[in-house]
Amino acid sequence: MKIVWAIDPFDNQLPLAPMYSMLTALAGKDGVQVVYVAGHGEARLSTAFDVPEKERFGKFPLGLLRKALADAGLPLSPRRVAVVEEESASMKAAAGRLDTWAREQGADAVALFSHAKKGVKRLMLGSFAETFVHHATLPVLVANPTTRIPEAPQRLVFAHDLGKRDTRALAQLAHLPPTLGLQLFHAAPPQAILGQPALTGDMDKAWEQALEEAERKLSVAARQLAGRTVVVEARPADGKISDAILAQARRTKADLIGVAAQSGPLRAMFLGSVTRELLRASPLPVLICKG
């Protein structure tokens, strides 16, 4: 597995060491490539008048990036640290440049931090992280600086809505190390029991049948992950689907949460309420696969 890790060298509050440990546990030390996209819309670069103009979007941020890694005690060789210049001032263009560059490197996923100002655990509207998640074609591993970053992740709970999109997204989990435990989880909303024996008043029987059917579909979806042990479970969602997913992650002592997001022409318009809520509320890193 290869992961491109996008870092902002101007942010000195990022927990780089635990993030690096998590990424190397997933991809190996030779599987992590660090990059910073130096967009011309970045004021801290365009107004760095004490730096020669030809160095502002190359040598200058590269030095900052290497220093940030060194200060965190991370043993990355120079060939695994890069700066990519984006001449446009558009954040969307910078996000697209990162996605294209990561694919050119043969990456299986991109990792980055979202922002959490004043302790608020949410993806800030308009941030580079949110822009990139919207437009990325590769899976994206998002960690909030205030989340609990597992240095050696053992379990991933993948929230599956039983749709074709989520089943397609499962294929992207094949690159994860086989030692990572995987559970497919479905949070069944109240409408899951429509047409079941609930019509006769037997609600318990209705839920039992609905959950059995959900787990049957999860088992079918899991077959594409041949050679990997996959646990499946379905539970009723008493409230929001995202809350049920977070509760399942706590219940199973998961280290990562996985979810599928819209891919294709509409992906830039919305992430889906469940994905957005998980990004804002999850105390764990979230792996967003594109279906």
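Just so we're clear, the structure is a prediction, and the values are computed from it rather than from any experiment.

## Thoughts on the packing of helix 8 (residues 241–251) against helix 9 (residues 273–281)
(1) Moving on: Packing of helix 8 against helix 9 brings their axes to within 9 Å, and their N-to-C directions diverge by 50 degrees. If you check the angle between helix 8 and helix 9, you find them oblique. Classified by chirality, the crossing of helix 9 by helix 8 is right-handed. Residues Ile-241, Ser-242, Ile-245 and Leu-246 of helix 8 form the contact with helix 9, whose participating residues are Val-274, Glu-277, Leu-278 and Ala-281.
(2) Moving on: Along the lines of polarity and charge, the residues of the contact of helix 8 with helix 9 split into 6 nonpolar, 1 polar and 1 charged.

## Side note on the packing of aromatic side chains
(1) Moving on: Summed over all chains, the structure comprises 3 aromatic pairs.
(2) Moving on: Pairing Trp-5 with Tyr-20 gives two aromatic rings, centres 6.4 Å apart and planes at 25 degrees, and the pair type is stacked. Residue Trp-5 is found in strand 1 (residues 3–6), and its partner Tyr-20 is found in helix 1 (residues 16–27); the two are separated by 15 residues along the sequence.
(3) Moving on: By relative accessible area, Tyr-20 is classed as buried at 7%.

## As for the nonpolar core
(1) Moving on: Grouped together as the largest cluster of nonpolar side chains are 46 residues, with contacts concentrated most on Trp-5, Met-19, Leu-23, Phe-158 and Leu-173.
(2) Moving on: Broken down by element, this core gets its largest block of residues, 7 residues, from helix 1.
(3) Moving on: Discounting chain neighbours no more than four positions away, the residues touching Trp-5 are Leu-16, Met-19, Tyr-20, Leu-23, Val-32, Gln-33, Val-34, Val-35, Leu-74, Ala-111 and Phe-113.
(4) Moving on: In terms of nonpolar packing, the next biggest core, distinct from the first, is built from 39 residues, Val-4, Phe-185, Leu-279 and Ile-288 among them.

## So, the side chain of Asp-99
(1) Moving on: Within the secondary structure, Asp-99 is located in helix 4 (residues 91–104).
(2) Moving on: By relative accessible area, Asp-99 is classed as buried at 4%.
(3) Moving on: Contact partners of Asp-99, with chain neighbours within four places excluded, come to Phe-132, Ala-136, Thr-137 and Leu-138.

## Points about helix 5 (residues 128–135)
(1) Moving on: When you tally the buried positions in helix 5, you get 7 out of 8 residues, the bulk of the element.
(2) Moving on: Turning to helix 5, its buried residues are Ala-129, Glu-130, Thr-131, Phe-132, Val-133, His-134 and His-135.
(3) Moving on: Summarising the contacts, the buried residues of helix 5 are in contact with helix 4, strand 4 (109–113), strand 5 (140–143), helix 9 and strand 10 (286–290).

## Notes on the confidence of the model for the chain
(1) Moving on: When pLDDT is averaged across the chain, the result is 86; 89% of the residues are at 70 or more.
(2) Moving on: Within the chain, strand 1 carries the highest mean pLDDT (97), whereas helix 6 (residues 164–170) carries the lowest (81).
(3) Moving on: When the criterion is pLDDT under 50, residues 117–126 qualifies, and its contacts beyond four places in sequence or with other chains add up to 21 contacts.

## Quick look at the sheet that holds strand 10
(1) Moving on: Taken in spatial order, the 10 strands make up an open sheet running 3-2-1-4-5-10-9-6-7-8, and their pairing is mixed. The open sheet terminates on both sides in strands that have one partner only, identified here as strand 3 (81–86) and strand 8 (230–236). The sheet shows a mean angle of 25 degrees between the axes of neighbouring strands, direction not considered.
(2) Moving on: Judged from the 5 bridges that link them, strand 6 (residues 155–159) and strand 7 (residues 181–188) form a sheet pairing that is parallel. Note that in strand 7 the partner of Phe-158 across the bridge is Leu-184.

## A word on the side chain of Arg-228
(1) Moving on: Along the chain, Arg-228 turns up in the loop between helix 7 (203–222) and strand 8.
(2) Moving on: Although Arg-228 lies buried, it forms no salt bridge, and the closest oppositely charged side chain, Asp-108, sits 11 Å away as judged by the N-O distance.
(3) Moving on: Separated by 3.2 Å, the side chain of Arg-228 and the backbone oxygen of Pro-177 make a polar contact.
(4) Moving on: In this structure, Arg-228 is in contact with Leu-173, Ala-174, Leu-176, Pro-177, Pro-178, Leu-180 and Leu-182, ignoring residues within four places of it in sequence.

## Digging into unusual backbone geometry
When glycine is set aside, most residues are seen to have a negative phi, and most peptide bonds are trans.
(1) Moving on: Positive phi, close to 75 degrees, is recorded for Leu-162, a residue that is not glycine.
(2) Moving on: Position of Leu-162 relative to the elements: it lies in the loop between strand 6 and helix 6.
(3) Moving on: The exposure class of Leu-162 is partly exposed, given its relative accessible area of 27%.
(4) Moving on: Despite not being glycine, Lys-253 shows a phi value in the positive range, around 55 degrees.
(5) Moving on: Tracing the sequence through the fold places Lys-253 in the loop between helix 8 and strand 9 (256–261).

Quick notes on the rules
- Residues numbered from 1 in each chain as written.
- Predicted model: local features only at pLDDT ≥ 70, side-chain atom pairs only at ≥ 80, totals over all residues.
- Heavy atoms only, no water.
- Axes fitted to C-alpha atoms, helices over the stretch in contact; angles between N-to-C directions.
- Helix = DSSP H or I, 4+ residues; strand = E, 2+ residues; numbered from the N terminus.
- Parallel < 35°, antiparallel > 145°, perpendicular 65-115°, else oblique.
- Left-handed = near helix turned anticlockwise from the far one by under 90°.
- Contact = heavy atoms within 4.5 Å.
- Nonpolar A, V, L, I, M, F, W, Y, C, P; charged D, E, K, R; others polar.
- Phe/Tyr/Trp six-rings, centres within 6.5 Å; stacked < 30°, edge-to-face > 60°.
- Buried < 20%, exposed > 50% of the residue type's maximum accessible area, 1.4 Å probe, protein only.
- Core = buried A, V, L, I, M, F, W, Y, C linked by side-chain atoms within 4.5 Å.
- pLDDT = per-residue confidence, 0-100.
- Pairing = 2+ DSSP bridges.
- Lys, Arg positive; Asp, Glu negative; His and termini not counted.
- Salt bridge = Lys/Arg side-chain N within 4 Å of Asp/Glu carboxyl O.
- Polar contact = N/O pair within 3.5 Å; in protein donor to acceptor, adjacent residues only side chain to side chain.

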